[in-house]
Amino acid sequence: MRTGRSGSAVVLAGALALGAFAAPSAQAADTGVTVSNLVLNKGKPIVVGTSAVVTPDFTYHLSWPSGIKIMDVDTAPFLYHDTTAAKGANEGGIYTSSVEYFEDGTHAANCDGELYIEPRYRLDSNNDATTWKIAVSVHIFGTDGHLKSQEYLTGFGSVQVKRAGKATVDASPEPVAKGKALTVTGRLTRADWVRHAYTGFGGKSAKLQFRKAGNSSYSTVKIVKADSAGRLKTTVTASADGYWRWTFGATATTGGATSAGDYVDVK
């Protein structure tokens, strides 16, 4: 049976973002709830820019003890790092936006939902581009609406949260005579979560790639290392009409990026 819980979960997530995750320590206890098969963002790293909200999805299986109704159980996956799960749940964590429960009638349910990452609020240091641990907050409420028990379930692995990257390209002159020099420039940048802007990705190497007009795939022409400001510049020989682009792969802290192709007409 499908149980519509997403509305109440949204309210809960808003409270968690304000630090209302915690209950008095005397109420912390084993809830008897188990969570398994938790998959976050389809197992991929989470890449976040400077302003756009990112909502990684998740799924998991939930079971709870007999004598407890599903409406009395609240579970919310969250992320934390460099602290304990309990502290991470209350400050500095990445929290749930919504959870929906699909009850199967045996004190169990399949669940899905989303985390909510607003970079200007949740990520305030570039050191947040690191490995985050995955945990689940569990709250059990009584029929009177008061909290009976809570705990933080851990052991669900981790996920890498990365700064978004960008690449630009400009090839000139346009048009260019066949056999003449073509200068290809560009810049590599990545999200700076302190300045809320994209800043130069200095020292990063990028591939210069070319796609001949009429072809569907790019091939790598050379590899160039960006200067300290992330700027790229190289010279090639113009041989055919086509598109030029820069591309670089992901690192431990930054997502990869590929520029749009810049078309050059060769006369």
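What counts and what doesn't
- Residues numbered from 1 in each chain as written.
- Predicted model: local features only at pLDDT ≥ 70, side-chain atom pairs only at ≥ 80, totals over all residues.
- Heavy atoms only, no water.
- Salt bridge = Lys/Arg side-chain N within 4 Å of Asp/Glu carboxyl O.
- Buried < 20%, exposed > 50% of the residue type's maximum accessible area, 1.4 Å probe, protein only.
- Helix = DSSP H or I, 4+ residues; strand = E, 2+ residues; numbered from the N terminus.
- Polar contact = N/O pair within 3.5 Å; in protein donor to acceptor, adjacent residues only side chain to side chain.
- Contact = heavy atoms within 4.5 Å.
- Core = buried A, V, L, I, M, F, W, Y, C linked by side-chain atoms within 4.5 Å.
- Phe/Tyr/Trp six-rings, centres within 6.5 Å; stacked < 30°, edge-to-face > 60°.
- Lys NZ or Arg CZ within 6 Å of the ring centre and 35° of its normal.

Draft legend 1. Layout of the pattern of salt bridges. With the rule as written, the count across this model stands at four salt bridges. Of the charged contacts, one joins arginine 195 and aspartate 192 as a salt bridge, the two residues approaching to 3.9 Å between their closest N and O atoms. Classification of arginine 195 by relative accessible area gives exposed; the value is 62%. Residue aspartate 192 is classed as buried on the basis of its relative accessible area, which comes to 8%. The closest approach of N and O atoms between lysine 267 and aspartate 265, which form a salt bridge, is 3.0 Å. Relative accessible area serves as the criterion here: at 63%, lysine 267 is assigned to the exposed category.

Draft legend 2. Region of the structure containing the side chain of threonine 31. You can see threonine 31 is positioned in the loop between helix 1 (6-17) and strand 2 (34-40). Its relative accessible area of 6% is what places threonine 31 among the buried residues. Side-chain polar atoms of threonine 31 contact the backbone nitrogen of valine 33, separated by 3.2 Å. A distance of 2.6 Å separates polar atoms of two side chains, one belonging to threonine 31 and the other to glutamate 151. Residues contacting threonine 31, with those up to four places away along its chain left out, are Pro65, Val138, Ile140, Ser149, Gln150 and Glu151.

Draft legend 3. Representation of the environment of proline 65 within the structure. Structurally, proline 65 can be placed in the loop between strand 4 (57-63) and strand 5 (73-80). What makes proline 65 partly exposed here is its relative accessible area of 26%. Between the alpha carbons of proline 65 and glycine 32 there is a distance of 5.9 Å; along the sequence they are 33 residues apart. Setting aside residues no more than four positions away along its own chain, proline 65 makes contact with Thr31, Gly32, Val33 and His107.

Draft legend 4. Quick peek at the nonpolar core. Core analysis: the biggest nonpolar cluster contains 35 residues, and Leu40, Ile46, Tyr60, Leu62 and Leu79 have the highest contact counts within it. When contributions to this core are tallied by element, the ones reaching two or more residues are strand 2, strand 3 (46-48), strand 4, strand 5, strand 6 (95-103), strand 7 (108-116), strand 8 (131-141) and strand 10 (158-163). The element that contributes the greatest number of residues to this core is strand 8, accounting for five residues. Those residues in contact with leucine 62, other than ones at most four positions away along the chain, are Val33, Thr34, Val35, Val73, Thr75, Tyr101, His107, Ala108, Ala109 and Cys111.

Draft legend 5. Summary view of the side chain of threonine 234. Take threonine 234: it is sitting in strand 16 (residues 231-237). Residue threonine 234 is classed as buried on the basis of its relative accessible area, which comes to 10%. Apart from residues no more than four positions distant in its own chain, threonine 234 is found in contact with Leu182, Thr183, Val184, Leu208, Lys222, Val224 and Trp246.

Draft legend 6. How the structure looks around the environment of threonine 254. In this fold, threonine 254 is placed in the loop between strand 17 (242-248) and strand 18 (257-258). For threonine 254, a relative accessible area of 0% corresponds to the buried category. Separated by 125 residues in sequence, threonine 254 and alanine 129 place their C-alpha atoms 7.5 Å apart. Contact partners of threonine 254, with chain neighbours within four places excluded, come to Lys162, Arg163, Ala164, Gly165, Arg190 and Phe201. Within the structure, the side chain of threonine 254 is placed 3.3 Å from the side chain of threonine 253, a separation counted as a polar contact.

Draft legend 7. Geometry of the packing of aromatic side chains. What the rule picks out here adds up to six aromatic pairs. Ring geometry for phenylalanine 78 and tyrosine 80: centres 6.0 Å apart, planes at 40°, overall tilted. Looking at phenylalanine 78, the relative accessible area reads 1%, which means it is buried. Arranged with centres 4.5 Å apart and planes meeting at 40°, the rings of phenylalanine 210 and tryptophan 244 form a pair that is tilted. Taken as a pair, phenylalanine 210 in strand 14 (residues 205-212) and tryptophan 244 in strand 17 lie far apart in primary sequence, 34 residues in all. Overall, tryptophan 244 belongs to the buried group, its relative accessible area being 6%. Feature note: the residues Phe78, Tyr80 and Tyr152 constitute an aromatic cluster, connected by ring pairs. The positively charged end of lysine 166 is found above the aromatic ring belonging to tyrosine 198, 4.1 Å away from the centroid. Here the basic side chain of arginine 245 rests over the ring of tyrosine 218, its NZ or CZ set 3.7 Å away from the ring centre.

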